[in-house]
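# Breakdown of the fold
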Amino acid sequence: QCDLQGLWRNELGSNMTISAMNTAGTFLGSYHTAVAATNKQTLVSPLQGVQQHPGAKRHPMFSFTVQWQFSDSATAFVGQCFVDHRGKETLETTWLLREEVLSHKDTWKATRVGTSTFTRIK
Ligand code: BTN
């Protein structure tokens with residue numbers, strides 16, 4: 001069984017903490033990004049998520065959003081937790097980063113997309 005709770009780091013050096021989930025599968029956490037789209041000083045930011053079919057699956061799917069405390073942006077992550085034959089857990093995710101734009105005419109440039117893999121550090 002792959003457990004989302006704990007401290008994780010991705011390939012950019014960003015750290016996130018996921019706290020215990022409730023029986024409905026929802027969880028809270030915090031995200032400390034190592035990079036930003038602007039030159040602003042980063043701040044640890046809250047995340048809210050949900051695990052799909054909590055407890056039922058060996059490789060559970062999940063989604064969470066991060067509400068950045070230092071920019072007018074938000075990121076949505078979707079992914080799946082995998083555990084290999086040695087018990088090593090990874091979170092393989094795809095994300096969308098939406099920034100606030102002043103006009104709908106700028107919508108075309110408002111979203112970035114990427115993939116990210118997290119490994120457990122605690
Ligand atoms: C911003 O720059 O407006 C907020 C910070 C965005 C950080 C992004 S989210 C996707 C990617 N993965 C990370 O760990 N950090 C960047």
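So, a few notes on the structure that sits alongside this text. All figures in this text were calculated on a predicted structure; none of them were measured in a lab. (Residues numbered from 1 in each chain as written. Predicted model: local features only at pLDDT ≥ 70, side-chain atom pairs only at ≥ 80, totals over all residues. Heavy atoms only, no water.)

### Section: the layout of surface pockets
Approximately 490 Å³ is the volume found for the largest pocket. Along its surface, the largest pocket is lined by 23 residues, and Ala36, Ala37, Trp68, Ser73 and Leu97 are the ones closest to its centre. Taken together, the elements giving at least two residues each to the lining of the largest pocket come down to strand S6 (73-83), strand S7 (89-99) and strand S8 (111-120). (1 Å grid on protein atoms, 1.4 Å probe; cavity = no way out; pocket = protein on both sides within 12 Å on 5 of 7 lines; lining within 4 Å. Points joined across faces, edges and corners; volume = space filled by probe spheres on them. Helix = DSSP H or I, 4+ residues; strand = E, 2+ residues; numbered from the N terminus.)

### A closer look at the state of the cysteines
Per the counting criterion, the structure on display carries one disulfide. Through a disulfide, Cys2 is tied to Cys81; the S-S separation comes to 1.8 Å. Since a negative S-S torsion denotes a left-handed disulfide, the Cys2-Cys81 link at about -65 degrees is left-handed. On the criterion of sequence distance, the pair formed by Cys2 in the segment before strand S1 (6-10) and Cys81 in strand S6 is long-range, its members being 79 residues apart. By the burial criterion, Cys2 is buried, and Cys81 matches it. (Disulfide = S-S within 2.5 Å. Buried < 20%, exposed > 50% of the residue type's maximum accessible area, 1.4 Å probe, protein only.)

### Re the packing of aromatic side chains
Scanning all chains against the criterion turns up seven aromatic pairs. Between Phe62 and Phe64, the aromatic rings sit 6.1 Å apart at their centres with planes inclined by 10 degrees, giving stacked as the arrangement. (Phe/Tyr/Trp six-rings, centres within 6.5 Å; stacked < 30°, edge-to-face > 60°.)

### A closer look at the site of the ligand
Around the ligand, the structure places 14 residues, and the nearest of them are Ser14, Tyr31, Thr33, Ala37 and Ser71. Tyr31 is positioned with one of its side-chain polar atoms (N or O) 2.7 Å from an oxygen atom of the ligand. Within the side chain of Ser73, one N or O atom sits 3.2 Å away from an oxygen atom of the ligand. Computed on the free molecule, the ligand has an accessible area of 410 Å², of which 97% lies beneath the protein chains in the complex. Among the cavities detected, the one that contains the ligand is the largest pocket. Looking at the shell around the ligand residue by residue, the classes come out as eight nonpolar, six polar and no charged. (Near = heavy atom within 4 Å. Polar contact = N/O pair within 3.5 Å; in protein donor to acceptor, adjacent residues only side chain to side chain. Areas by Shrake-Rupley, 256 points an atom, 1.4 Å probe, with all protein chains shown as cover. Sits in = over half its atoms within 2 Å of the grid points. Nonpolar A, V, L, I, M, F, W, Y, C, P; charged D, E, K, R; others polar.)

### Some thoughts on the nonpolar core
The biggest cluster of nonpolar side chains holds 20 residues, and the ones touching the most others in it are Met16, Tyr31, Phe64 and Leu91. Elements represented by at least two residues in this core include exactly strand S2 (15-18), strand S3 (26-32), strand S5 (61-67), S6 and S7. (Core = buried A, V, L, I, M, F, W, Y, C linked by side-chain atoms within 4.5 Å.)

### Quick notes on unusual backbone geometry
Not every positive phi belongs to a glycine, and His53 is a case in point at roughly 45 degrees. Within the fold, His53 resides in the loop between strand S4 (45-51) and S5. Residue His53 is classed as partly exposed on the basis of its relative accessible area, which comes to 46%.

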